[in-house]
Amino acid sequence: MRTSLRFAVAALLFAASTAPAHAAAPAPGATAVRVQRVQPDHAKKATLRFLVANKAYLRAELDRLRAKTVQVKGGAVAIDPRFLRYGDMVAAARTAGESAASADSARAGRQLFVSVTDLGLLESELDQLDRALAGQRDRLAVLQSDFAGDQRTALAVVLSGWPADGAPASLTLSLEDGTRESIALTPEQLDALRAGGAVQVLHRLIEPRDQSFSIGFGAASAPGWLELDPARDRLNLLQLDLSHLAAGDATSLSATTWVLDDRTP
Amino acid sequence: MKNGSFIPAAAALALALFAAPVHSGPPAPIPARAGLDLASAAAAAWSADAQLVYVENDEDVDAAGGAERWGYLFRSPSSGRARAWSVQGGRIAAAENVEMAFEAQPLAAGWIDSGAALAAADREAGHAFRHGEQGRLSTMLLMRGAFDESDPDRTTWTLVYTAPGAPSLWVVVDAAEGKVRRTWRG
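Scoring rules and cut-offs
Residues numbered from 1 in each chain as written. Chains lettered and ligands numbered in written order. Predicted model: local features only at pLDDT ≥ 70, side-chain atom pairs only at ≥ 80, totals over all residues. Helix = DSSP H or I, 4+ residues; strand = E, 2+ residues; numbered from the N terminus. Buried ≥ 20, exposed ≤ 12 C-beta atoms within 10 Å, placed from the backbone. Contact = placed C-beta atoms within 7 Å. Pairing = 2+ DSSP bridges. Axes fitted to C-alpha atoms, helices over the stretch in contact; angles between N-to-C directions. Core = buried A, V, L, I, M, F, W, Y, C linked by C-beta atoms within 7 Å. Expected span 1.5 Å × (residues − 1). Bend = angle between axes of the 7 residues up to and from the residue. pLDDT = per-residue confidence, 0-100.

### A closer look at the overall build of chain A
Here comes step 1: Of regular secondary structure, chain A possesses six helices and ten strands.
Here comes step 2: Of all 265 residues assigned to chain A, the portion counted as buried reaches 15%.
Here comes step 3: Restricting the contact set of chain A to residue pairs at least 6 apart, pairs at least 24 apart contribute 73%.

In structure tokens:
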């Protein structure tokens, strides 16, 4: 019984200490993304034609009204009650942690369990740990429903592979809205790539629409264009395999994309 | 094969042919609010402080106030930039940066949808204009601080009816109360 209890505790602690790592390897449903030399060309649909055609008129309308005083309510707004609850949750988590630490130190003081009474005491301590873990689970569930359940459309870029002539020191992503993301690879990230690992170099919100963006490895090398249609309100992963990257030419990359299924079972 | 079994088989084949998936036509018209959620999601990715400042039909408006495509303009006060997304058939059909050169104010929440605004404008003057002048509704736009100088803080729908050889009809509808505030020809 003692052995099985210890095993159970060890398993629980191990499970708690290993954070749910996002899989670096593409999921089974991953699809290949073609990296092209030129930007994919799509027929552009006109939008806001009246605004564009009458911009000067609308501006004059607004300017005419600018001098007028407008009454605006400046009162405070109610604080979201969820935010007030987080303080209580932190306090409860600390209390549970301190209770567990106290029980642990008391147990460490005893050299030997000599009687059935001691075993009973141990079971009681384990029950206390169980309750603390259950409490943490409940608190995490609250946080998950408040935040993780509100996943917005996001893109995570993951690098893997080590090119024959060495990995680039940096890369640049240029989005259609004009945003440029310049990413310098740290020595630790380069070590991870060299050792066969994968590193996440970018995690940001992205517009939920079919779009293209360019990726480049330094000013002297040719950029490549990728087309992506990210799933809305999900974390979309893009893995760039650098194994065949030659002279920084981005079109020699192989790329795959998939949607991370991070919903709680 | 006996006739008795042939006829049901032929009928089943004909039914299957008629029930075959039809090629999807143009997307169904939607009211202006129907595309707002998607456009807002894109705007949130573009800028954390993006505010909706303008809505306009990108395709013709039907009798119920729906359009196949609506355009939504957002502005970021921190950067001063503006970007538009056009939503059609549940997808973003176009996105582009817009040079505004003026500070459009964010729309007030709770604005009435395009169908209610069109109904109010038609009741007041639009219906008579369409039939009297052989006109049509060409533009519906939603913005704040323009076309209603008596109360510039209001968010209003402005409907522009046009007719060949005649001055256009402009109808301004309060986007909170659904009442017509102004009409003029020009």
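Still to come is the rest of the account.
### Describing the overall build of chain B
Here comes step 1: Counting its secondary structure elements, chain B contains three helices and eight strands.
Here comes step 2: From first element to last, N terminus to C terminus, chain B shows the α and β order α-α-β-β-β-β-α-β-β-β-β.
Here comes step 3: Each of the 186 residues in chain B was classed as buried or not, and the buried ones make up 43%.
Here comes step 4: Summarising the internal contacts of chain B: among those between residues at least 6 apart in sequence, 56% fall at separations of at least 24.

### A few points about the sheet that holds strand β6 (residues 155-163) of chain B
All names here are of chain B.
Here comes step 1: The antiparallel open sheet is built from eight strands, whose spatial order is β4-β3-β2-β1-β5-β6-β7-β8. What marks the edges here is a single partner per strand, and that holds for β4 (91-98) and β8 (180-185). Within this sheet the neighbouring strands show an average axis-to-axis angle of 15 degrees, counted without direction.
Here comes step 2: As paired elements, strand β2 (residues 69-75) and strand β3 (residues 82-88) share seven bridges and run antiparallel to each other. Considered in β3, the bridge of W70 is made with V87.
Here comes step 3: Lying on the sheet, helix α2 (residues 36-46) is in contact with β2, β3 and β4; it crosses β3 at an angle near 145 degrees.
Here comes step 4: Across the sheet, helix α3 (residues 114-132) touches β5 (136-144), β6, β7 (166-174) and β8, and the angle it forms with β7 is around 145 degrees.

### Digging into the interface of chain B and chain A
Here comes step 1: Each side of the interface is counted separately: chain B has 33 residues, and chain A has 25 residues.
Here comes step 2: Listing elements by their share of the side of chain B that touches chain A, those giving two or more residues are α2, β1 (51-57), β2, β3, β4 and β5 of chain B.
Here comes step 3: Ranked by residue count, the leading element in the side of chain B that touches chain A is β4(B), at eight residues.

### A look at the environment of T31(A)
Residues and elements named next belong to chain A.
Here comes step 1: For T31, the position within the fold is in strand β1 (residues 31-33).
Here comes step 2: Note on T31: 10 C-beta atoms within 10 Å, which makes it exposed.
Here comes step 3: Taking the C-alpha atoms as reference points, T31 and A255, 224 residues apart in sequence, are found 8.5 Å from one another.
Here comes step 4: Excluding residues within four positions of it along the chain, T31 makes contact with T256 and T257.

### Considerations on the sheet that holds strand β6 (residues 198-205) of chain A
All names here are of chain A.
Here comes step 1: Taken in spatial order, the five strands line up as β1-β10-β9-β3-β6 in an open sheet, and their pairing is mixed. Each of the sheet's edge strands pairs with one partner strand only, and the pair in question is β1 and β6. Within this sheet the neighbouring strands show an average axis-to-axis angle of 25 degrees, counted without direction.
Here comes step 2: Of the pairings in the sheet, the one linking strand β3 (residues 154-160) to β6 comprises seven bridges and is antiparallel in character. Pairing of A156 across the sheet is with H203, part of β6.

### What about unusual backbone geometry?
Here comes step 1: We note that L48(A) has phi near 50 degrees; this positive angle belongs to a residue other than glycine.
Here comes step 2: Inspection of the secondary structure puts L48(A) in the loop between β2 (35-36) and α2 (49-53).
Here comes step 3: Backbone geometry at Q134(B) places phi at a positive 55 degrees, although glycine is not the residue there.
Here comes step 4: Here Q134(B) lies in the loop between α3 and β5.

### Points about the nonpolar core
Residue and element names in this part refer to chain B.
Here comes step 1: Counting 77 residues, the largest nonpolar core has A42, Y72, A117, L142, L159 and V173 as its most contacted members.
Here comes step 2: Per-element accounting of this core gives the leading share, seven residues, to α2.
Here comes step 3: Residues within four places of A117 in sequence aside, it is in contact with G65, I112, M140, W157, L159, V173, A175 and G178.

### Comments concerning the pairing of β2(B)
Residues and elements named next belong to chain B.
Here comes step 1: With seven of seven residues buried, β2 lies mostly within the body of the structure.
Here comes step 2: Residue alternation in β2 divides its side chains into two sets, R69, G71, L73 and R75 and W70, Y72 and F74, and both sets are buried.
Here comes step 3: Sheet topology note: the β1/β2 ladder contains six bridges and is antiparallel. Within β2, the residue paired with V55 across the bridge is Y72.
Here comes step 4: In sequence, β2 turns back onto β3 through a hairpin of six residues, with G80 there showing a positive phi of about 75 degrees.

### Things to note about α3(B)
Residue and element names in this part refer to chain B.
Here comes step 1: The first and last C-alpha atoms of α3 sit only 23 Å apart over 19 residues, clearly below the 27 Å expected at 1.5 Å per residue.
Here comes step 2: The axis of α3 is deflected most strongly, by about 70 degrees, at D122.
Here comes step 3: Of the positions making up α3, those classed as buried are S114, A117, L118, A120, A121, G126 and F129.
Here comes step 4: Buried residues belonging to α3 abut β5, β6, β7 and β8.
Here comes step 5: Directly after α3, the chain includes Q134, whose backbone phi takes a positive value near 55 degrees.

### As for the environment of D113(B)
All names here are of chain B.
Here comes step 1: Its location among the elements puts D113 in the loop between β4 and α3.
Here comes step 2: Exposure remark for D113: the 19 C-beta atoms within 10 Å place this residue in the partly exposed category.
Here comes step 3: The sequence separation of D113 and A175 amounts to 62 residues, and the corresponding C-alpha distance is 8.1 Å.

### What to know about the confidence of the model for chain B
All names here are of chain B.
Here comes step 1: When the pLDDT values of chain B are averaged, the result is 88; 87% of them are 70 or greater.
Here comes step 2: By mean pLDDT, the top-scoring element of chain B is β2 (97), and the lowest-scoring one is helix α1 (residues 3-18) (50).
Here comes step 3: This model gives residues 13-22 a pLDDT under 50, and the stretch forms zero contacts once residues within four places in sequence are excluded.
Here comes step 4: Complex prediction metrics read pTM 0.69 and ipTM 0.83.

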